[in-house]
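Listed here are the chains, written in short residue letters.
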Amino acid sequence: EVQLVESGGGLVQPGRSMKLSCAASGFTFSNYGMAWVRQAPTKGLEWVATISYDGSSTYYRDSVKGRFTISRDNAKSTLYLQMNSLRSEDTATYYCTRGLGAWWGQGVMVTVSS
Amino acid sequence: DIQMTQSPSLLSASVGDRVTINCKASQNINKYLNWYQQKLGEAPKLLIYNTNNLQTGIPSRFSGSGSGTDYTLTISSLQPEDFGTYFCFQHNSWPYTFGAGTKLELK
């Protein structure tokens with residue numbers, strides 16, 4: 001069974017950093033592109049960043065470009081999102097997803113507040 | 001960025017009703033359109049991919065259609081478990097974008 005389990009969220013002050021992880025199991029992780037999608041409280045969905053199956057290509061939405069870095073460790077079947085210079089508008093539940101959203105993790109909450 | 005406009009934003013319906021949700025893209029997205037269902041406190045679930053392909057395990061009462069800029073999700077006979085929020089999503093060009101959602105509630 002495909003499982004995606006996010007971790008690393010919590011409360012962080014504006015301007016600080018946080019790193020999210022997503023542990024994958026139940027499929028050959030190195031065969032799939034992966035992505036992070038976020039949802040602000042009571043809001044819609046935003047596709048944040050995507051990484052190719054081998055990590056050679058990455059894409060970011062403009063609002064996080066230069067601040068967030070998506071990466072992966074195929075040996076560990078783990079996806080990461082390094083978030084720097086965090087802003088209040090980054091407050092959201094962050095979901096790890098496989099490919100174009102066929103499978104999703106349960107989400108992890110990130111709150112950016114002083 | 002491609003803007004995805006969903007309508008209606010709120011839909012009240014009864015069990016057994018046929019319902020349709022529409023999604024209009026600001027430019028041609030070449031049928032690269034997915035539909036997701038989300039229930040309160042849960043992650044989204046993929047229902048339809050690439051306009052009209054039913055995801056494995058999704059009941060056949062769900063169907064999708066469309067082309068160019070206009071797309072539709074249809075539920076042929078609404079069941080109690082179908083209530084929730086539905087999002088369309090384009091993956092034709094980066095940045096990928098979602099519609100704002102249609103909340104389907106019990107009348």
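Right, let's walk through the structure included here. This is a predicted model, so every value here is computed, not measured.

Attention shifts here to the state of the cysteines. As enumerated under the stated definition, the model contains two disulfides over all chains in all. Residue Cys22 of chain A pairs covalently with Cys96 of chain A via a disulfide, S to S 2.0 Å. As the torsion about the S-S bond is roughly -60 degrees, the Cys22 of chain A-Cys96 of chain A disulfide counts as left-handed. In this pair, Cys22 of chain A is assigned in strand S3 (residues 18-25) and Cys96 of chain A in strand S9 (residues 92-98), connecting sequence segments 74 residues apart. The side chain of Cys23 of chain B participates in a disulfide bridge whose partner is Cys88 of chain B; the two sulfur atoms lie 2.0 Å from each other. Taking the sign of the S-S torsion, 55 degrees for the link of Cys23 of chain B and Cys88 of chain B, the bridge is right-handed. Linking Cys23 of chain B in strand S3 (residues 19-25) with Cys88 of chain B in strand S9 (residues 84-90), this pair joins segments that are 65 residues apart in sequence. The burial state of Cys23 of chain B is the same as that of Cys88 of chain B; both residues are buried.

Each side of the interface is counted separately: chain A has 18 residues, and chain B has 14 residues. At the boundary of chain A with chain B, total buried surface from both sides reaches about 1400 Å², with 67% on carbon and sulfur atoms. On the chain A side of the contact with chain B, Leu45, Trp47 and Leu100 of chain A bury the most area, a combined 44% of that side's loss. At the boundary of chain A with chain B, the tally comes to zero salt bridges. Our count for the contact surface shared by chain A and chain B stands at four residue pairs in polar contact (both at pLDDT 80 or more). Contributing elements (two or more residues each) for the side of chain A that touches chain B: strand S4 (34-39), strand S5 (45-51) and strand S6 (58-60) of chain A. Counting residues per element, the side of chain A that touches chain B draws most heavily on S5 of chain A, which supplies six residues. Residues that form the side of chain A that touches chain B fall into these classes: 11 nonpolar, five polar and two charged.

The next point concerns the pairing of S9 of chain A. Residues and elements named next belong to chain A. With seven of seven residues buried, S9 lies mostly within the body of the structure. Burial along S9 is two-sided: Ala92, Tyr94, Cys96 and Arg98 facing one way and Thr93, Tyr95 and Thr97 facing the other are all buried. Sheet topology note: the S9/strand S11 (residues 108-112) ladder contains three bridges and is antiparallel. Each residue of the ladder has a partner; that of Tyr94, found in S11, is Val108. Examined bridge by bridge, S9 and strand S10 (residues 103-104) share two bridges and lie antiparallel to one another.

On to the packing of aromatic side chains. The final tally for this structure, using the stated rule, is 14 aromatic pairs over all chains. Relative to Phe29 of chain A, the ring of Phe27 of chain A lies with its centre 6.3 Å away and its plane at 50 degrees, an arrangement referred to as tilted. Classification of Phe29 of chain A as buried rests on a relative accessible area of 2%. Residues Trp47 of chain A and Phe89 of chain B carry aromatic rings whose centres are separated by 4.8 Å and whose planes lie at 25 degrees to one another, so their mutual orientation is stacked.

Residue and element names in this part refer to chain B. Taken together, four strands build an open sheet; the order of strands is S1-S3-S8-S7 and the sheet is antiparallel. In this open sheet, the two strands that pair with only one neighbour each are strand S1 (4-7) and strand S7 (62-67). With direction set aside, neighbouring strand axes in the sheet form an average angle of 15 degrees. Alignment of S7 against strand S8 (residues 70-75), held across six bridges, turns out to be antiparallel. Residue pairing for S8: Ser63 is matched across the bridge by Thr74.

Rules used in this analysis
- Residues numbered from 1 in each chain as written.
- Chains lettered and ligands numbered in written order.
- Predicted model: local features only at pLDDT ≥ 70, side-chain atom pairs only at ≥ 80, totals over all residues.
- Heavy atoms only, no water.
- Disulfide = S-S within 2.5 Å.
- Helix = DSSP H or I, 4+ residues; strand = E, 2+ residues; numbered from the N terminus.
- Buried < 20%, exposed > 50% of the residue type's maximum accessible area, 1.4 Å probe, protein only.
- Contact = heavy atoms within 4.5 Å.
- Buried area = accessible area lost by both parts, 1.4 Å probe.
- Salt bridge = Lys/Arg side-chain N within 4 Å of Asp/Glu carboxyl O.
- Polar contact = N/O pair within 3.5 Å; in protein donor to acceptor, adjacent residues only side chain to side chain.
- Nonpolar A, V, L, I, M, F, W, Y, C, P; charged D, E, K, R; others polar.
- Pairing = 2+ DSSP bridges.
- Phe/Tyr/Trp six-rings, centres within 6.5 Å; stacked < 30°, edge-to-face > 60°.
- Axes fitted to C-alpha atoms, helices over the stretch in contact; angles between N-to-C directions.

Keep in mind that these numbers describe shape and distance, not what the molecule does.
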